[in-house]
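# Working through the structure, step by step
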Amino acid sequence: MIEPGLYNYWLCVILMMTGLYVVMAKGNLVKKVIGLNLFQVSVIMLYVTMGKVEGGTAPIVVEGAPDTIYSNPLPHVLMLTAIVVGVATTALALSFVVRIHEDYGTIEEGDIAAMEEGR
Amino acid sequence: MSLFAQLASLTVQAGNGAHHSDAQHAAQHAAQHAAQQAVNWSEHLPALQIALPLLAAPLCVLLRRARLAWGLAMLVSAGALAISLTLLGRVLALGEGGAISYHLGGWQPPWGIEYRIDALNAFVLVIVTGISTVVMAATPRSLESELPRERHYLYYAAYLLCMTGLAGITITGDAFNIFVFLEISSLSAYALISMGRTRRAVTSAYQYLVMGTIGGTFLLLGIGLLYMVTGTLNIADLSERLALVGANRTVLVALACIVAGVSIKLALFPLHVWLPNAYTYAPAVVTAFLAATATKVAYYVLVRFVFSVFGTPLAFDELHLDALLLPLAILAMFGASLVAIYQADVKRMLAWSSVAQIGYMVLGLALANESGLTGGLVHLFNHALMKSGLFLVMACFALRLGSTRLEDLAGVGHRMPLTFGAFVLGGLSLIGVPMTAGFVSKWYLVRGALEAGMWPLAAAILLSSLLAVAYIWRVVEVAWFREPATGDLRRAPLSILVPAWILLLGTLYFGLHTSFTVGTASAAARLLLGGTP
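Residue positions within a chain follow its written sequence, with the count starting from 1. A letter from A marks each chain and a number from 1 marks each ligand, given out in the order of writing. Since the coordinates come from a predicted model, pLDDT governs what is reported: local features require at least 70, and pairs of side-chain atoms require 80 or more to be given and counted, while whole-chain, interface and lining totals use all residues. Side-chain numbers come from the whole structure's heavy atoms, not from hydrogens or water.

## A look at the overall build of chain B
Strands are runs of DSSP state E lasting at least 2 residues, helices are runs of H or I lasting at least 4, and numbering of each runs from the N terminus. For chain B, the helix and strand inventory stands at 21 helices and two strands. Radius of gyration: C-alpha atoms only; globule rule: 2.2 Å multiplied by the number of residues to the exponent 0.38. Since a compact globule built from 533 residues should have a radius of gyration of about 24 Å, the 23 Å found for chain B is in line with a globular shape. Referenced to the eigenvectors of the C-alpha coordinate spread, the extents of chain B come out at roughly 85 × 55 × 40 Å. Within chain B, the fraction of its 533 residues that count as buried is 64%. Whether two residues touch is decided by their heavy atoms; if any such pair falls within 4.5 Å, the residues are in contact. Sequence separation of 24 or more characterises 80% of the internal contacts of chain B that already satisfy a separation of 6 or more. Note that His is not counted, nor are the chain ends; the positive residues are Lys and Arg, and the negative ones are Asp and Glu. Every charge is mapped to an atom, namely NZ of Lys, CZ of Arg, CG of Asp or CD of Glu. A distance of 12 Å separates the average location of the 29 positive side-chain charges in chain B from that of its 23 negative side-chain charges. Three labels apply to residues, based on accessible area from a 1.4 Å probe with only protein chains included: buried if under 20% of the type maximum, exposed if over 50%, partly exposed otherwise in between.

As structure tokens, this is what we get:
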């Protein structure tokens, strides 16, 4: 059913949908951030997977072996940046959650909405 | 691809220069090098456009004093404006279809990162840096009432980072670079919004962060799929190779991911949920800045991907993007305008009106003919002017009345005539009354709709303008014909009033002298519809 070469892509899709579901379905602001992280990580995995070349080795030139197959290093390098972006986003999101907790005393989306409407 | 990689490549380049000079030629080479360095400043303007604000941002943090940080930010902002005007002049001097290509660190384009400036993004750069400069002039006075003075330096740092990101998205010719700059601008925008006075500001910023990150990640996903198919990230290279690949499923999914991701940042109708809250609860000057730049740059990204990367045959003939975007644009025009009519807070009303105006711009894109696209791009410019002007007027009200709620504006037309006069001028332009800038863009949109043979669409544009009359009139009625509250009200501070008037007189000027806006926009539209950049 699933071709062995596509195994990783299926995992990416599953992870991606899990992440999106958590972001949308959970009312807890921290859980939402976790969902967001899952979603981002799935894309990072997708990039890393596409850089893999079958039988490829680390992309460092092997002297005297012109036929060596190398993996594509570019997607990996790109993902270093994406990971940094993810860390920054998570940090900022969590700092917002801390401030929301200070102001409202709760981090449940429903409670916050109720407090705003109740004013 | 990343900023780090860019910096690294710059250092590598510098290293190569040093390595090159052998012992016997050292002195000679050094002299040549110095001479080269001396002339090269003007060649490196595209890099400076990004590097200046990027380096100034941490300097603002080090300076600490609000005055000093503001002075630096103002200087850098004005410098960036001067650079982008110079670049626009150079691009237009190259004639139709001309572009400046700048290779970061001297690496050749398909491998290295290219900054590519053509008529389209030179135009958007001028908007971003211009609005940033004008709003920056109004910032200190307005911010005093919203943020403790000892935290102002952080505001200026975030502001400069946001401008760097927006200018970077615009200037770069590399798809992954767009994502990186998008995240830089978004992260700083979230921080700016959270600096608002009420606790709602933080929840709005959080909501925007969640949606914005989903949008950014979808864009990343789309770019990754394009890379899978073509093996390149350079936009010019991408478009050439995609034309050869044709419409297979991966390309289709890539287009879907990119359009969905960018539409979130653009606040296209069903994905606009973050915008009204963010604009309402952000500090007044942040709203004036973001409303005029962030969504506009997102529109630019959408235009760039649809026309330059995918190209009209792929995006419209094979994948029928117009069938998706046209209904959404019309829904935005009517739906958001209707919601705007029922808002109790004028700032929020203007935010909803922004969602509607984005509908007009997307309509221009979906028409995919020269007049329509020209209309969309001209509206990008005109709407930036009027919305940031109007939000600066809101900053005046917030400062003097302590509120922007409609009921608090009763009689304000008599108490603050100059400020409210500016509002009326902006409102007329928003409606699209002849002789204002709003009329010019709607004129081209209507022409585009007629050229496409869709006259009901032309009627829809005119009808939805009537909704704008309704929501602007509500404010005018309350402000002029209601009994004013008693008590003396001081005139709005000149440092906010003058920038607001500059922007709104600008809408009047560009309503009468259309050669700059329409000339540049139609050149850009021809370039986009002509295929590869």
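There's plenty left to go through after this.
## Comments concerning the overall build of chain A
The secondary structure content of chain A amounts to four helices and zero strands. Moving toward the C terminus, one meets the helices and strands of chain A in the order α-α-α-α. Relative to a compact globule of 119 residues, whose C-alpha radius of gyration would be 14 Å, chain A shows 20 Å and is clearly more extended. On the principal axes, the C-alpha backbone points of chain A span a range of 75 × 35 × 15 Å. Expressed as a percentage of its 119 residues, the buried residues of chain A come to 36%. Intrachain contacts of chain A at a sequence separation of at least 6 include 49% that bridge at least 24 residues.

## Quick look at the pattern of salt bridges
Salt bridges are defined by distance alone: a side-chain nitrogen of Lys or Arg within 4 Å of a carboxyl oxygen of Asp or Glu. Scanning the entire structure with this criterion turns up 11 salt bridges over all chains. The partner of Glu116 of chain A in a salt bridge is Arg200 of chain B, and the shortest N-O contact between them spans 3.4 Å. Placement of Glu116 of chain A in helix α4 (residues 109-118) and of Arg200 of chain B in helix α8 (residues 200-230) is noted, with the two residues assigned to different chains. With a shortest N-O distance of 3.7 Å, Arg405 of chain B and Glu407 of chain B are connected by a salt bridge.

## Details of the interface of chain B and chain A
If you look at the interface, chain B gives 29 residues, while chain A gives 36 residues. A simple way to read buried area is as the amount of 1.4 Å-probe accessible surface that goes missing from two parts once joined, with both sides added. Both faces combined, the contact of chain B with chain A buries some 3100 Å², and carbon together with sulfur accounts for 80% of it. Looking only at chain B, the three residues that lose the most surface to chain A are Arg199, Tyr206 and Tyr227 of chain B, adding up to 24% of its buried area. The tally of links from chain B across to chain A stands at two salt bridges. Throughout this description, a polar contact denotes any pair of N or O atoms lying within 3.5 Å of each other; where both atoms belong to protein, one of them has to be capable of donating a hydrogen while the other can accept it, and for residues adjacent in sequence the pair is counted only when both atoms sit in side chains. Connecting chain B to chain A are six residue pairs in polar contact (both at pLDDT 80 or more).

## Thoughts on the environment of Ala56 of chain B
Residues and elements named next belong to chain B. In this structure, Ala56 sits in helix α3 (residues 45-63). Measuring from C-alpha to C-alpha, the distance between Ala56 and Val446 comes to 43 Å, with 390 residues separating the pair along the chain. For Ala56, the residues in contact, after removing those within four places along its chain, are Leu72, Val76 and Leu160.

## Some words on the nonpolar core
All names here are of chain B. Ranked by internal contacts, the top residues of the largest apolar core, which has 235 residues, are Tyr155, Phe305, Phe310 and Phe423. Residue contributions to this core peak at 24 residues, all from helix α12 (residues 284-318). Ignoring any residue separated from it by four or fewer positions in sequence, one finds Phe423 in contact with Val346, Leu350, Leu390, Val393, Met394, Ile472 and Val475. Here, the term nonpolar core denotes a set of buried Ala, Val, Leu, Ile, Met, Phe, Trp, Tyr and Cys residues that are joined through side-chain atoms within 4.5 Å.

## Some words on the packing of aromatic side chains
Note on ring pairs: Phe, Tyr and Trp rings are taken, using the six-membered ring of Trp, and paired if centres are within 6.5 Å. Classes follow the plane angle, with under 30 degrees stacked, over 60 edge-to-face and the rest tilted. The tally for this structure, following the rule as stated, stands at 21 aromatic pairs over all chains. Taken together, a centroid distance of 5.7 Å and an interplanar angle of 45 degrees make the contact between Phe176 of chain B and Phe179 of chain B tilted. With Phe176 of chain B and Phe179 of chain B both in helix α7 (residues 175-193) and three residues apart, this pair spans about one turn of that helix. Phe176 of chain B gets classed as buried once you look at its relative accessible area, which sits at 0%. Overall, Phe179 of chain B belongs to the buried group, its relative accessible area being 3%. In this scheme, the term charge over a ring applies when either NZ of a lysine or CZ of an arginine sits within 6 Å of the ring centre and within 35 degrees of the ring normal. Directly above the aromatic system of Tyr104 of chain A lies the positively charged group of Arg199 of chain B, at a separation of 4.1 Å from the ring centroid.

## Notes on the side chain of Thr164 of chain B
Residue and element names in this part refer to chain B. Among the structural elements, Thr164 can be located in helix α6 (residues 152-171). Thr164 sits in the buried class, given a relative accessible area of 0%. Sequence-distant contacts of Thr164, that is, excluding residues within four places in its chain, are made with Ile50, Pro53, Leu54 and Phe181.

## Looking at helix α14 (residues 346-367) of chain B
Residues and elements named next belong to chain B. Its 22 residues place the ends of α14 32 Å apart at the C-alpha level, agreeing with the 32 Å of an ideal helix rising 1.5 Å per residue. Where burial is concerned, most of α14 is hidden: 22 out of the 22 residues are buried. Two or three places before Lys347, at the start of α14, stands the capping residue Asp345, its side-chain oxygen 2.8 Å from that residue's backbone nitrogen. Looking one or two places after α14, you find Ala368, whose phi comes out positive at around 55 degrees. For a helix, the expected span equals 1.5 Å multiplied by the residue count minus one.

## Regarding the environment of Ala315 of chain B
Residues and elements named next belong to chain B. As for its placement among the helices and strands, Ala315 is situated in helix α12. Along the backbone, Ala315 and Phe305 are 10 residues apart, and their C-alpha atoms lie at a distance of 9.5 Å. Other than its neighbours up to four places away in sequence, Ala315 contacts Val306, Phe310, His320 and Leu321.

## Re the pairing of strand β1 (residues 100-103) of chain B
Residue and element names in this part refer to chain B. Covered by surrounding structure in β1 are Ile100 and Tyr102 only, the residues Ser101 and His103 on the alternate face being uncovered. By this definition, two strands are paired if DSSP reports at least two bridges between them. Inspection of the sheet shows β1 paired to strand β2 (residues 114-117) by four bridges, in the antiparallel sense. Paired with Ile100 across the two strands is Ile117, which belongs to β2.

## Topic: the confidence of the model for chain B
As a note on interpretation, predicted positions should not be read in detail where pLDDT is low. The pLDDT value tells you how sure the predictor is about a given residue, anywhere from 0 up to 100. For chain B, per-residue confidence averages 88 on the pLDDT scale, and residues scoring 70 or more make up 91% of the total. Considering only residues more than four positions removed or in separate chains, one finds that residues 1-24 of chain B, a stretch of pLDDT under 50, has 31 contacts.

## Some details on the packing of helix α15 (residues 370-401) of chain B against helix α21 (residues 515-529) of chain B
Residues and elements named next belong to chain B. Here the axes come from fitting lines to C-alpha atoms, over the contacting stretch only for helices, and the angles between their N-to-C directions go from 0 to 180 degrees. Close contact between α15 and α21 brings their axes to 8 Å; oriented N to C, the two are set at 130 degrees. Regarding the angle of α15 to α21, the classification is oblique. Judged by the twist between their axes, the crossing of α15 over α21 is right-handed. Across from Glu370, Leu373, Thr374, Leu377, Val378, Phe381 and Asn382 in α15, the residues of α21 making contact are Phe516, Thr517, Val518, Ala521, Ser522, Ala524, Ala525, Arg526, Leu528 and Leu529. Across the contact of α15 with α21, the residue classes tally to 11 nonpolar, four polar and two charged. Here the word oblique covers every angle except those under 35 degrees (roughly parallel), over 145 (roughly antiparallel) and from 65 to 115 (roughly perpendicular). Less than a right angle of anticlockwise turn of the near helix away from the far helix marks a crossing as left-handed, whereas a clockwise turn marks it as right-handed. Any residue outside Ala, Val, Leu, Ile, Met, Phe, Trp, Tyr, Cys, Pro, Asp, Glu, Lys and Arg is labelled polar, Gly included; the first ten of those are nonpolar and the last four are charged.

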